[in-house]
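Tertiary structure, described
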Amino acid sequence: MVHCGVCGRIMQRQKNSRVIYYACFKSVSNRETACPVGERFIEADLERIVKNDLLEKLHLLVDADDRLHEAAASTEGTEENLRFRMEQIEKRLKQISVGRISAYERYAEGRLQRDIYLIERDKMNTESDSLSAEKERLEKELLSLSQSRNRELTETCDMAHRTLTADELTNEMLLYFIDRVNVFSGMRVEIVYRFSDEIAKLIEQENTSE
C-alpha cells in the first residue's frame, strides 16, 4: 500500500497518457491545502526503488542466516556442554573475585609482601580476563544456536530464498515482506517492512559487517 509520507493518505494510482503515477488524494482534491508530495510520483520509478531495496535486504538476510547456520553447525549437539562450561566459568570468576579481596586484605594487614601480592593480583586478573573472553564467545555460540532454530527466521528466510530465485516479484512476495511504502517530495521513499525486531537486527548487523 502506497501512502503519502506527509499527510498519511493512501495515494491514488492514476494514468496520464502512457505514464502511470501516484497522486496524493489531498493534493488532487483540495488545491488550497495541497500536499507538498505533489502529483507525479511515477509508478515505474517507485517499483524500481522498492524492488532494489527489498532485494538488497533479502540478500543480507540470507547471508546472515547462512552465517548463523555455519556457527550453529560447529556447535551442533553441544548446547548442554556449552552451558556446563558457562557455569564453570561463572563459578571460577566468583572464586577469583573472592581471592582478590582475600589477597588485598592479607596485604593490608601485613601478612603478604607487596611483590607477592602484586604477582597474585596480576595472575588472577589475567585469568579473569581470559575467562571473561571465553564466556563472551560461548554466549555468542549459544545465541547462534538459538537463532538458527527460530521458526519465524526459518520461514522468513525460506520465503527470501524463493523470492530471490523467482523469475519475477509477485504482489504476494511484496506483501509478505512490506507493510507499506511512504513517499515524500523529492522522490524520497520510506519502506516499512514486516520484519520482526530480531530479524531486522540481523539484517542491520550483516549490513554493517560488510
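What comes next is a walk through the structure.

Definitions and limits used
Going along each chain's sequence as written, the residues are numbered from 1 onward. Where totals are concerned, whole chains, interfaces and linings use all residues; where local detail is concerned, this predicted model gives features only for residues with pLDDT of at least 70, and gives and counts side-chain atom pairs only at 80 or more. With hydrogens and water stripped out, all remaining heavy atoms of the structure feed into the side-chain values. Working definition: helices are DSSP H or I runs of at least four residues, strands are E runs of at least two. Numbering for both runs from the N terminus. Summary of the burial criterion: residues with accessible area below 20% of their type's maximum are buried, those above 50% are exposed, and those between are partly exposed, where the area comes from a 1.4 Å probe applied to protein chains only. What makes two residues a contact is simply this: any of their non-hydrogen atoms within 4.5 Å. Accessible surface area values rest on a Shrake-Rupley calculation with a 1.4 Å probe, where residue burial reflects the displayed protein chains alone. Here the expected span of a helix is defined as 1.5 Å times the quantity of residues minus one. Within this analysis, the arc is defined by the directions that extend from the helix axis to the C-beta atoms. Pairs of strands are assigned from DSSP output, requiring at least two bridges between the strands. To obtain each axis, a line is fitted to C-alpha atoms, and for helices this fit is confined to the stretch in contact; angles are then taken between N-to-C directions over 0 to 180 degrees.

**Overview of the overall build of the protein chain**
Within the protein chain one finds seven helices and six strands. A burial count over the protein chain gives 31% of its 210 residues as buried. Intrachain contacts of the protein chain at a sequence separation of at least 6 include 57% that bridge at least 24 residues. Surface summary for the protein chain: the accessible area is close to 13700 Å², and the carbon and sulfur share equals 47%.

**Details of helix 5 (residues 151-165)**
For helix 5, which comprises 15 residues, the first-to-last C-alpha distance of 21 Å matches the rise-based estimate of 21 Å (1.5 Å per residue) to within 8%. The set of residues buried in helix 5 consists of L153, T156, C157, M159, A160 and T163. Looking down the long axis of helix 5, one finds its buried residues gathered within 160 degrees of arc, a one-sided arrangement. Along helix 5, exposed side chains directed more than 90 degrees from the buried face belong to R151 and T165.

**With respect to the pairing of strand 2 (residues 11-16)**
Each regular strand displays side chains that alternate between the two surfaces of the sheet. Note: strand 2 against strand 3 (residues 19-24), six bridges, orientation antiparallel. Bridge pairing in strand 3 places K15 opposite I20. If you look at the hairpin formed by strand 2 and strand 3, you'll find two residues sitting between the two strands, and S17 has a positive phi there, around 60 degrees.

**Side note on the sheet that holds strand 1 (residues 2-4)**
The strand order 1-5-6 describes an open sheet built from three strands, whose pairing is mixed. Two strands lie at the open edges of the sheet, namely strand 1 and strand 6 (188-193), each paired on one side alone. Taking the axes of each pair of neighbouring strands and ignoring which way they run, one obtains an average angle of 25 degrees across the sheet. In this sheet, strand 6 lies alongside strand 5 (residues 178-184) in antiparallel orientation, the contact comprising six bridges. In the strand pairing of strand 6, I178 is matched with Y193.

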